[in-house]
Structure formats: structure tokens, C-alpha cells
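Analysis of the macromolecular model
Residues per chain are reported as follows:
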Amino acid sequence: MLIPVVLLTVLVAVLIGYRPHQEMASSFLVVGLGLLASAAVGVLSGVKGPSWAIYVLIVLEVGLLLFSPAPWQGLALVSVPVSAIGFMMGREIAFLRINRTQGVPPTT
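Residues numbered from 1 in each chain as written. Predicted model: local features only at pLDDT ≥ 70, side-chain atom pairs only at ≥ 80, totals over all residues. Heavy atoms only, no water.

1. Some details on the packing of helix H1 (residues 2–18) against helix H2 (residues 24–45)
Worth spelling out the cut-off: Axis lines are fitted through C-alpha atoms, for helices just across the contact stretch, and the angle between N-to-C directions can take any value from 0 to 180 degrees. Helix numbers and strand numbers start at the N terminus; a helix is a DSSP run of H or I with at least 4 residues, a strand a run of E with at least 2. By definition in this entry, angles of less than 35 degrees are roughly parallel, angles greater than 145 are roughly antiparallel, angles of 65 to 115 are roughly perpendicular, and the rest are oblique. Left-handed describes a crossing in which the near helix is turned anticlockwise from the far one by less than a right angle; the clockwise case is right-handed. Contacts were defined at the residue level, with two residues in contact if any of their heavy atoms lie within 4.5 Å. Each residue receives one of three labels: charged for Asp, Glu, Lys and Arg, nonpolar for Ala, Val, Leu, Ile, Met, Phe, Trp, Tyr, Cys and Pro, and polar for the others, Gly being one of them.
In contact at an axis separation of 10 Å, H1 and H2 are set at 160° when each is read in the N-to-C sense. By the criterion of interaxial angle, the relationship of H1 to H2 is roughly antiparallel. Seen from above, H1 lies across H2 with right-handed handedness. From H1, Leu8, Val12, Leu15 and Ile16 reach across to H2, where they touch Met24, Ser27, Phe28, Val31 and Leu35. Looking at the contact of H1 with H2 residue by residue, the classes come out as eight nonpolar, one polar and no charged.

So, in C-alpha cells, the structure goes:
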């Protein structure tokens, strides 16, 4: 979980540094919703599940943002790394859920 969190922190720092302050709310909205949606896809697909679902989500996000008005259109490419980070976090959560439910075998 440390690697996706570090990548997300770097992405947010770059957004704060390079985006105008008037567009900060829309930037954080795209990051938050993209992170939640892609993490949900990662958790639902599981550890060994199909990866094509995240590609469909990324194409939908980019397409929706490209056809939106001006402040949202500039954030279309931000959704790609956000979705990748969220998907990694979702897969980690799915892995941790599987390991939590498995019992530890007694030592011999």
C-alpha cells in the first residue's frame, strides 16, 4: 500500500503546483472520484480477476472528461494515473481481505 500512496501524494503535489487555484475543486473531485471508482473495480475484480475492467473504466473516464466543458477537459489525462493508482490499491485491499480470512496453520 505504500507505493500507491506515495504515487498518489506525488500526483496531488503536482496538481497543486501546476493547476490554477480556480480549478482546484474540480481537480480534487476528479482525483477523488477516479480513485474511488478504480479502487472499487480493483476490489471487485479480486487478486486474480480480469484486468480488462480497469481499461474500460479508464476509457469511459477519459471520454467523459474530453467531451466536458473547459475546466474538466484539461483533467482528462489526470484520470489515467489516478485510475491506475486506485486499481493498485483495490487489488491490495482484495489481497489483504483474502489473507485475513485464511487462518494461520498451527506449528508442528
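2. Comments concerning a nonpolar patch on the surface
As a reminder of what qualifies: A patch is a set of surface residues, each over 30% in relative accessible area and not in a salt bridge, joined within 9 Å for like charges and within 5 Å for the nonpolar side chains Val, Leu, Ile, Met, Phe, Trp and Tyr. Residue burial considers only the protein chains on display, and all accessible areas are found by Shrake-Rupley using a 1.4 Å probe. Any carboxyl oxygen of Asp or Glu within 4 Å of a side-chain nitrogen of Lys or Arg constitutes a salt bridge here.
Together, Met1, Val47, Ile93, Phe95, Leu96 and Ile98 give the surface a local cluster of nonpolar side chains, amounting to about 470 Å² of exposed area. Position of isoleucine 93 among the secondary structure elements: in helix H5 (residues 79–101).

3. Details of the nonpolar core
This is how the line gets drawn: As used in this record, nonpolar core signifies buried Ala, Val, Leu, Ile, Met, Phe, Trp, Tyr and Cys residues forming a set joined through side-chain atoms within 4.5 Å. When a residue's accessible area, from a 1.4 Å probe over protein chains only, is under 20% of the maximum for its type it is buried; when over 50% it is exposed; and in between it is partly exposed.
Within the largest apolar cluster, 13 residues are counted, with the highest numbers of intra-cluster contacts made by Leu8, Val31, Leu35, Val78, Val82, Ile85 and Met89. Looking at this core, the elements with two or more residues in it are H1, H2 and H5. With residues near it in sequence (within four places) discarded, valine 82 still touches Leu11, Val30, Val31, Gly34, Leu35 and Ser38. Formed by six residues, the second largest nonpolar core is a distinct cluster that contains Val41, Ile54, Leu57 and Phe87.

4. Comments concerning the side chain of serine 38
Note the following rule: In protein, a polar contact requires one atom able to donate a hydrogen and another able to accept it; more generally it is a pair of N or O atoms within 3.5 Å, and residues adjacent in sequence count only if both atoms are side-chain atoms.
Among the structural elements, serine 38 can be located in helix H2. Relative accessible area serves as the criterion here: at 0%, serine 38 is assigned to the buried category. At 3.3 Å, the side chain of serine 38 and the backbone oxygen of leucine 35 are in polar contact. Excluding residues within four positions of it along the chain, serine 38 makes contact with Ile54, Leu57, Val82, Ser83, Gly86 and Phe87.

5. Considering the packing of H2 against H5
In a pair of packed helices, the angle between the axes and the distance between the axes together describe the arrangement. Contact pair H2 / H5: the axes reach a minimum separation of 7 Å and the direction vectors enclose 40°. As judged from the angle between their axes, H2 and H5 are oblique. Here H2 runs over H5; the crossing is right-handed. Mapping the contact onto sequence places Val30, Val31, Gly34, Leu35, Ser38, Ala39, Val41, Gly42, Val43 and Ser45 in H2 and Val82, Ser83, Ile85, Gly86, Phe87, Met89, Gly90, Arg91, Ile93, Ala94 and Arg97 in H5. Across the contact of H2 with H5, the residue classes tally to twelve nonpolar, seven polar and two charged.

6. Looking at H1
Let me state the cut-off plainly: The span expected for a helix works out to 1.5 Å for each residue beyond the first.
A rise of 1.5 Å per residue sets the reference length of H1, with its 17 residues, at 24 Å; its end C-alpha atoms lie 24 Å apart and thus fit the reference within 8%. Residues of H1 that are buried sit in contact with H2 and H5.

7. Description of the side chain of serine 26
Along the polypeptide, serine 26 turns up in helix H2. In this structure, serine 26 is in contact with Pro71, Trp72 and Leu75, ignoring residues within four places of it in sequence.

Keep in mind these values describe shape, not function.
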